[in-house]
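Notes for the structure review
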Amino acid sequence: METTNKTVITVQTTVNLPVEKVWESWTKPEHIIKWNSASEDWHTPKAENDLRVGGSFSSRMEARDGSFGFDFGGIYDDVKTHEVIAYTLGDDRKVKITFESNDQGTTVTESFDAENENPVEMQREGWQSIMDKFKKYTEEFFIS
């Protein structure tokens, strides 16, 4: 019997907006392509999202110079509007995102199973960078 200890990484941000706006920015492809990258030298030219249990999502992440790119996607396991999104990635890792309204706006917490190819801290920094870009884009888009 093989046992593996999974490392779960958690990243978080608080967006100064109501949960309805935060949810929209997180789930609509026209928004996803604007914020879904860890650095300015990357972008997401394409995103698709069928937000329902059993539905799938995919996005194409590419280096802006065209040197590298990859597809990121999975299948939804749980969707509760304005509360929870959970999915399984193509490599069977699990991801769960929660949306919590509070006095500051909406706190978005994302927990995911670490992969084995890159150091945990590098993964945490990359996903947190995307989360930070999500916050910045969402606040600028809906407040401006």
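1. Here we look at the pattern of salt bridges
A side chain of one charge can pair with a side chain of the opposite charge if their charged atoms are brought near each other. Taken as a whole and judged by the stated rule, the model has 12 salt bridges. One salt bridge connects Glu 40 with Lys 133, and the closest N-O pair in it is separated by 3.8 Å. Placement of Glu 40 in the loop between α2 (29-35) and β2 (42-49) and of Lys 133 in helix α3 (residues 120-143) is noted, with a sequence separation of 93 residues between them. Glu 40 sits in the exposed class, given a relative accessible area of 58%. Among the residues examined, Lys 133 registers a relative accessible area of 17% and is labelled buried. Among the salt bridges present, the one from Arg 93 reaches Asp 91, with a minimum N-O distance of 2.9 Å. You can call Asp 91 partly exposed: its relative accessible area is 44%. Taken together, the shared-partner salt bridges connect Arg 60, Glu 62 and Asp 71 into one network.

2. Describing the packing of aromatic side chains
By the definition in use, this model includes 16 aromatic pairs. Ring centres of Trp 23 and Phe 99 lie 4.9 Å apart, and the angle between their planes is 65°; this geometry places the pair in the edge-to-face category. With Trp 23 in helix α1 (residues 19-27) and Phe 99 in strand β6 (residues 94-102), this pair connects stretches of sequence that are 76 residues apart. In this pair, the class of Trp 23 matches that of Phe 99, namely buried.

3. Quick word on the pairing of strand β4 (residues 69-80)
Across seven bridges, the pairing between strand β3 (residues 56-63) and β4 is antiparallel. Among the inter-strand pairings, Met 61 is bridged to a residue of β4, identified as Phe 70. Two elements, β4 and strand β5 (residues 84-89), share six bridges in a ladder whose sense is antiparallel. Note that in β5 the partner of Lys 80 across the bridge is Val 84.

Conventions used here
- Residues numbered from 1 in each chain as written.
- Predicted model: local features only at pLDDT ≥ 70, side-chain atom pairs only at ≥ 80, totals over all residues.
- Heavy atoms only, no water.
- Salt bridge = Lys/Arg side-chain N within 4 Å of Asp/Glu carboxyl O.
- Helix = DSSP H or I, 4+ residues; strand = E, 2+ residues; numbered from the N terminus.
- Buried < 20%, exposed > 50% of the residue type's maximum accessible area, 1.4 Å probe, protein only.
- Phe/Tyr/Trp six-rings, centres within 6.5 Å; stacked < 30°, edge-to-face > 60°.
- Pairing = 2+ DSSP bridges.

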